[in-house]
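# Observations on chain architecture
Next come the chains, spelled out residue by residue.
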Amino acid sequence: MVGDMTGTRWGRAGIAALTAAVLATAVLGPGTAVAGAGAPRARAVPAIPFDLNGDGYAELVIGVPGEAIGRISGAGAVNIIDGSAGGVTGVGNRMIHQGTPGVAGSNETGDHFGSTVASADFDRDGFADLAVGAVGENRRGSSTPSGAVTVLYGSAHGPKGLGDQFLRPQDLHLPDAWGDVLETGDLNGDGYADLVVAGAGPASAGHGGVTVLYGSSRGLTLLGAVHLTDALAGAPGPPAARDRFGRAAAVGDVTGDGIDDLVVGTSRDERGGVYLFGGQHARLSTTAAQFVGQDSPDLVTPDVVYSSDGLGRAVAVGDFDGDGHGDVAVGDADGEPQMFRGCQEDGGCPGMVLVLPGSDAGMDAVRHQVLSQEPVGSAGGDEALGSTLRAGDLDLDGHDDLVISGSRAVLPNHQQAVDSVIALYGTDSGLSGSGSQEWAADTLGIPGVSTPGDGFGDQLRISQLGRSAAPELVISVTGQDSGATRHTGAVTVLYGSDDSGPVATGSQQWAQGHRGVVGVPESGDRFGALGR
């Protein structure tokens with residue numbers, strides 16, 4: 001059984017930032033429709049993310065990228081399950097795909113519609129809108145732009161299909177692969193949420209790219225879109241075939257000026273790191289304020305060894321110390337912390353998370369923190385801590401908290417390593433191991449059974465689904481089997497508690513064909529895409 005883990009020890013070290021100039025190109029959209037001509041006047045208060053019907057509770061929106069539609073394998077779909085005052089309810093749940101009336105596009109083999117999802121109120125009409133990635137759209141060769149994003153606008157009845165947008169990189173004359181990463185935030189301070197679309201796949205020889213589409217009273221607009229690339233970012237060394245700029249992204253107010261900033265992960269010439277692009281009025285800054293990489297001078301210490309290109313595979317932004325500046329958490333799932341020295345030669349390292357406190361000037365290199373977990377049982381070097389990160393105020397104390405997945409440890413009552421998720425809580429001095437919690441698929445109170453490779457925590461979301469003022473923690477289990485049917489997938493919802501964060505008691509598991517959810521569990525569905 002896995003219970004609450006308190007007093008976990010976490011290591012520390014110090015880092016410096018490398019400032020680099022970054023260029024970007026402004027892109028005008030050649031003819032993609034903007035949603036909702038004659039759109040209603042914007043409301044003073046935008047809807048919370050995933051509240052697609054404006055009732056004050058987020059919906060549980062789950063991508064199913066492997067879903068077969070009829071005989072079309074891997075077309076993909078999204079399940080929408082309503083939140084309510086009593087929590088998630090299966091009543092009236094529905095499935096949408098590219099063959100659903102009013103949804104742009106058509107179902108094709110390998111589109112993987114639902115490979116990632118994100119939500120915000122882009123037109124500020126009081127109903128959250130839904131962005132859905134289809135990473136396989138138009139994937140006919142490694143050198144062609146591929147992927148697409150469908151934007152469905154909310155209404156009192158949920159996504160209405162009317163006025164939706166079907167966005168592709170070629171519409172903006174971009175070589176990127178879209179659909180890998182979607183994030184939202186207000187990057188120009190105009191009160192409308194914007195959409196960040198990142199693609200670090202095979203297109204553009206693997207360089208990757210990030211595009212920012214701005215929100216307005218009419219929804220997302222291509223006018224003034226900003227495109228960022230690693231080739232223009234000014235990091236040390238020439239562009240390389242595996243830069244993967246945009247393999248991770250996060251949005252938050254790092255500088256504390258009231259406007260969100262954008263953090264982008266990269267593996268520049270197989271050396272991992274993150275860029276900070278400063279938000280500002282009118283449009284996102286086209287120059288990177290900072291670049292911090294694993295070779296930054298103060299990162300090179302005897303205490304920590306970063307893995308080759310590992311730093312920056314996962315990023316999150318949250319105000320962990322409550323000082324009004326977003327702090328940047330950066331995962332290195334193969335990193336070698338001090339207590340595991342030599343693990344890379346032994347075949348695997350436990351991973352770690354770098355935290356860069358925010359400040360008026362950006363990421364504070366001097367006060368950085370490295371988080372790593374003590375060995376648990378005999379798992380040692382195969383924990384992969386930091387493969388997924390999410391930040392939010394779980395216990396409503398005014399400090400954001402950090403949820404970390406990728407811990408594969410031999411926990412009490414287990415004979416072999418299982419996937420688990422850890423929550424660290426914010427304090428006035430930042431994240432603390434004191435009072436930390438850890439859950440696995442068969443923690444007491446959580447429905448399910450832990451099995452090696454079930455992917456518990458593969459993706460995470462913090463969302464206000466109901467029951468209390470505190471948010472819920474949604475955990476994907478994309479590798480879960482349904483009987484003899486492999487990798488059908490599921491999600492677990494841990495309900496929030498106003499003073500102690502998520503609790504296992506009363507948690508729920510949701511999957512197709514279970515609790516009335518539309519769909520039939522099929523091999524390779526991987527129900528559980530929550531966004532990264």
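Calculation notes
Residues numbered from 1 in each chain as written. Predicted model: local features only at pLDDT ≥ 70, side-chain atom pairs only at ≥ 80, totals over all residues. Heavy atoms only, no water. Phe/Tyr/Trp six-rings, centres within 6.5 Å; stacked < 30°, edge-to-face > 60°. Helix = DSSP H or I, 4+ residues; strand = E, 2+ residues; numbered from the N terminus. Buried < 20%, exposed > 50% of the residue type's maximum accessible area, 1.4 Å probe, protein only. Lys NZ or Arg CZ within 6 Å of the ring centre and 35° of its normal. 1 Å grid on protein atoms, 1.4 Å probe; cavity = no way out; pocket = protein on both sides within 12 Å on 5 of 7 lines; lining within 4 Å. Points joined across faces, edges and corners; volume = space filled by probe spheres on them. Nonpolar A, V, L, I, M, F, W, Y, C, P; charged D, E, K, R; others polar. Pairing = 2+ DSSP bridges. Axes fitted to C-alpha atoms, helices over the stretch in contact; angles between N-to-C directions. Polar contact = N/O pair within 3.5 Å; in protein donor to acceptor, adjacent residues only side chain to side chain. Contact = heavy atoms within 4.5 Å. Core = buried A, V, L, I, M, F, W, Y, C linked by side-chain atoms within 4.5 Å.

### Side note on the packing of aromatic side chains
Going through the model one piece at a time under the given rule, you end up with four aromatic pairs. When the ring of Phe245 is compared with that of Phe277, the centres are 6.4 Å apart and the planes differ by 85 degrees; the resulting orientation is edge-to-face. On the criterion of sequence distance, the pair formed by Phe245 in the loop between β12 (221-228) and β13 (248-252) and Phe277 in strand β15 (residues 273-277) is long-range, its members being 32 residues apart. Exposure class is identical for Phe245 and Phe277. Each is buried. Judged by centre distance (6.0 Å) and plane angle (40 degrees), the rings of Tyr275 and Phe277 are tilted. Note on Tyr275: relative accessible area 0%, which makes it buried. Here the aromatic residues Phe245, Tyr275, Phe277 and Phe291 are joined through ring pairs into a cluster of three or more. For Arg461, the ring lying beneath its charged end belongs to Phe50, and the centroid distance is 3.9 Å. In this structure, Arg467 packs its charged tip against the face of Tyr495, placed 3.6 Å from the ring centre.

### Focus on the layout of surface pockets
Space inside the largest pocket adds up to approximately 1200 Å³. Along its surface, the largest pocket is lined by 46 residues, and Pro49, Thr184, Val251, Ala391 and Ile462 are the ones closest to its centre. Breaking the lining of the largest pocket down by element, the ones donating at least two residues are β5 (113-120), β9 (181-185), β13, β17 (314-318), β23 (388-392) and β27 (456-463). Partitioning the lining of the largest pocket into residue classes produces 25 nonpolar, ten polar and eleven charged.

### Focus on unusual backbone geometry
Located in the positive-phi region is His112, a residue other than glycine, with phi close to 55 degrees. Looking at the secondary structure, you find His112 in the loop between β4 (89-96) and β5.

### Considerations on the sheet that holds strand β7 (residues 148-152)
The antiparallel open sheet is built from four strands, whose spatial order is β5-β6-β7-β8. Each edge of the open sheet carries a strand with a single partner, namely β5 and β8 (165-167). This sheet shows a mean twist of 20 degrees between the axes of neighbouring strands, independent of strand direction. As paired strands, strand β6 (residues 129-134) and β7 are joined by five bridges and run antiparallel to one another. Paired with Ala131 across the bridge in β7 is Val151.

### Describing the side chain of Ser497
Tracing the sequence through the fold places Ser497 in the loop between β29 (491-495) and β30 (503-510). The exposure class of Ser497 is buried, given its relative accessible area of 17%. Within the local environment of Ser497, its side chain forms a polar contact with the side chain of Ser500, the two groups lying 3.0 Å apart. Among residues more than four places away in sequence, those in contact with Ser497 are Leu394, Asp395, Ser468, Ala470, Pro502 and Val503.

### A look at the nonpolar core
If you look at the biggest cluster of nonpolar residues, it comprises 30 residues, and the most contacted ones within it are Leu60, Val78, Leu130, Val491 and Trp510. When residues in this core are grouped by element, the largest group, four residues, is from strand β2 (residues 60-64). Discounting residues that sit within four places of it in the chain, Val491 has contacts with Leu60, Ile62, Val474, Ile475, Ser476, Val477, Gln508, Gln509, Trp510, Phe527, Gly528 and Leu530. Counting 20 residues, the second-largest nonpolar core is a separate cluster that includes Leu299, Tyr306, Met352 and Leu356.

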